[in-house]
Amino acid sequence: MTAVSDPTANAAAPDLLDLPPLTAAHFARIEDKVAALMGTRCDVVAMQGEALLPLEACIRSAVRPGSTALNIITGPYGETFGGWLRSCGAQVVTITAPFTGAVDPRQVAEALQEHPEIDFVSLVHAEAATGNTNPVAEIGAVVREHGALLMLDAVASVGAEPLLTDEWGVDLCVIGGQKAMAGPAGVSAASVSPRAWERIAANEQAPRRSYLSLLDWKERWIDGGRTALPHAPAQLEMLALEQAADRIAAEGLEAVITRHRAAAAATRAGVRALGGLAPYVVRDEDAAPAATTLRAPEGVDAREIVAAALTVDAAVPVQAAAGALAKEMIRVNHYGRAADRAVVTASLTALAGGLRALGVSVDAEGASRAADAAWDAVAAR
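Residues numbered from 1 in each chain as written. Predicted model: local features only at pLDDT ≥ 70, side-chain atom pairs only at ≥ 80, totals over all residues. Heavy atoms only, no water.

Side note on the side chain of Asn134
Mapped onto the secondary structure, Asn134 falls in the loop between strand E6 (132–133) and helix H6 (136–146). Those residues in contact with Asn134 that lie beyond four places of it in its chain are Thr74, Ala102, Val103, Leu123, Val124, His125 and Ile139. (Helix = DSSP H or I, 4+ residues; strand = E, 2+ residues; numbered from the N terminus. Contact = heavy atoms within 4.5 Å.)

As structure tokens, this is what we get:
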């Protein structure tokens, strides 16, 4: 049988495949645009992989065997960091905050006082998976006074809320483009402070000649004035990251942050008025602007609510939580282009329909009015 070709199948291929090479100068300009979003003048390394790559690279580069690290857990990524820290040979002191809120900086201060040997602190700024965000400015001040390095996972916060890497004293900050930036998942970036570079250079166990090596990037890229790329770049992902940064610049970073805050406030207000569901994160100030988590009604499986809601509207960014929280937690992802009034309204409408289908009484009109009022209040500030 002779195959019949589709003349439209590769219509977009020339735009993706026949590009001129990405130059070192262009690569460096993209890093600079990312640095501006991160609020840093420190070195920024754009790494060619999803954000777990630079997160693991930062820990394995800066944490030496026999050291003591403080790991702050407010969601699943904090739990992942603990495993990496232990595999580096570090003793790990753990603070675990309830997923219904944020970590208290006083807890961090107490842990540092009880363990003066701590020289590395790992923290997630915002956990999209659990819907909470942490007070990095206050935590950073405590860590800086103690003298430890601070590593921050800002993947879910960059573009959704203020990120002041240098001002907060963050030594290692990692971002990804796939959430509030509405960009690609296949490239990410880490900023490295001078103090962090000193610690990494002194660590004999820091990765070398490895995809996880920050020192390789420093010696082969940064120290050479960023004039020669150490390997062929992930061109499509880098160009997409630049386009995401440019789009934020065109809209205005403050406007993008306001849009995310409005989406979070509208979702929380709408859910409270809807009935049946409740915000999982109790206090508004602890809620992440990138995603809102919801608690399912007693005796109702969150996964069933999500399935019923998606039957109403399959396009809404609503999902059940993973793991142990799957039965009780629903997540509404209002980040990136989904930080939009119409998306929030559609999500509430779908949840209302899903709850009704399961026999739960709701007030869909009240939810819509409350969401609109909350959105307008944030936008007017």
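Let's talk about the environment of Ala380
Positionally, Ala380 belongs in the segment after helix H13 (364–379). Taking C-alpha positions, Ala380 is 9.9 Å from Ala262, a pair spaced 118 residues apart along the chain.

A short note on the sheet that holds strand E11 (residues 291–295)
In spatial order, the strands read E10-E11-E13-E12; together these four strands make up an open sheet with antiparallel pairing. Looking along the sheet, the strands with just one partner apiece sit at the ends: strand E10 (278–279) and strand E12 (318–320). With five bridges joining them, E11 and strand E13 (residues 329–333) adopt antiparallel strand pairing. For Thr292, the partnering residue across the bridge sits in E13 and is Val332. (Pairing = 2+ DSSP bridges.)

Remarks on the packing of aromatic side chains
Applying the stated criterion to the full structure yields three aromatic pairs. With centroids separated by 5.5 Å and ring planes inclined at 85°, the aromatic side chains of Phe27 and Trp221 adopt a geometry described as edge-to-face. Of this pair, Phe27 sits in helix H2 (residues 24–38) while Trp221 is found in helix H8 (residues 214–222), placing the two residues 194 residues apart along the sequence. Side by side, Phe27 and Trp221 carry an identical accessibility label, which is buried. Cluster of aromatic residues (ring-pair linked, three or more members): Phe27, Trp217 and Trp221. In this arrangement the basic side chain of Lys218 is found over the ring face of Trp197, its NZ or CZ atom lying 5.6 Å from the centre. (Phe/Tyr/Trp six-rings, centres within 6.5 Å; stacked < 30°, edge-to-face > 60°. Buried < 20%, exposed > 50% of the residue type's maximum accessible area, 1.4 Å probe, protein only. Lys NZ or Arg CZ within 6 Å of the ring centre and 35° of its normal.)

A word on the pairing of strand E7 (residues 149–153)
Among the five residues that make up E7, five are buried, leaving the element largely enclosed by the rest of the structure. Where burial is concerned, the two faces of E7 agree: the one with Leu149, Met151 and Asp153 and the one with Leu150 and Leu152 are both buried. Across five bridges, strand E4 (residues 118–124) lies against E7 in parallel orientation. In the strand pairing of E7, Ser122 is matched with Met151.

Some points on unusual backbone geometry
The phi dihedral of Ala182 falls on the positive side, at around 55°, and the residue is not glycine. You can see Ala182 is positioned in the loop between strand E8 (172–176) and strand E9 (188–192). Notably, Arg226 is not glycine yet its phi reads approximately 55°, a positive angle.

Here's the deal with H6
Val136, Ile139, Gly140, Val142 and Val143 are the residues of H6 that are buried. Along the long axis of H6, the arc covered by the buried residues comes to 165°, so they all point the same way. Turning to H6, the residues buried within the fold contact strand E2 (68–73), helix H5 (105–114), E4 and E7. Immediately downstream of H6, the backbone of Gly147 shows phi near 100°, a positive value. (Arc of directions from axis to C-beta.)

Examining the UniProt feature "domain: Aminotransferase class V" (unreviewed entry) in the protein
Taking the numbering used here, the UniProt-annotated feature "domain: Aminotransferase class V" (unreviewed entry) corresponds to residues 86–306. In the segment residues 86–306, helix accounts for 38% and strand for 18%; the C-alpha atoms at its two ends are 36 Å apart. (UniProt positions renumbered as here; feature names shortened; annotations may be inferred.)

A few points about the pattern of salt bridges
What the rule picks out here adds up to 21 salt bridges. Across the pair Glu242 and Lys33 runs a salt bridge whose closest N-O atoms are separated by 2.8 Å. Here Lys33 lies in helix H2 and Glu242 lies in helix H9 (residues 235–251), a separation of 209 residues in the sequence. A relative accessible area of 29% places Lys33 in the partly exposed class. With a shortest N-O distance of 2.8 Å, Asp284 and Arg268 are connected by a salt bridge. One end of the pair, Asp284, is in the loop between E10 and E11; the other, Arg268, is in helix H10 (residues 253–274), and 16 residues separate them in sequence. Judged by relative accessible area, which is 45%, Asp284 ranks as partly exposed. In the salt-bridge network here, residues are joined through shared partners; they are Glu31, Asp32 and Arg226. (Salt bridge = Lys/Arg side-chain N within 4 Å of Asp/Glu carboxyl O.)

So, the confidence of the model for the protein
Across the protein, pLDDT averages 95, with 96% of residues at or above 70. pLDDT under 50 marks residues 1–13. Its contacts with residues more than four places away, or in other chains, come to one contact. (pLDDT = per-residue confidence, 0-100.)

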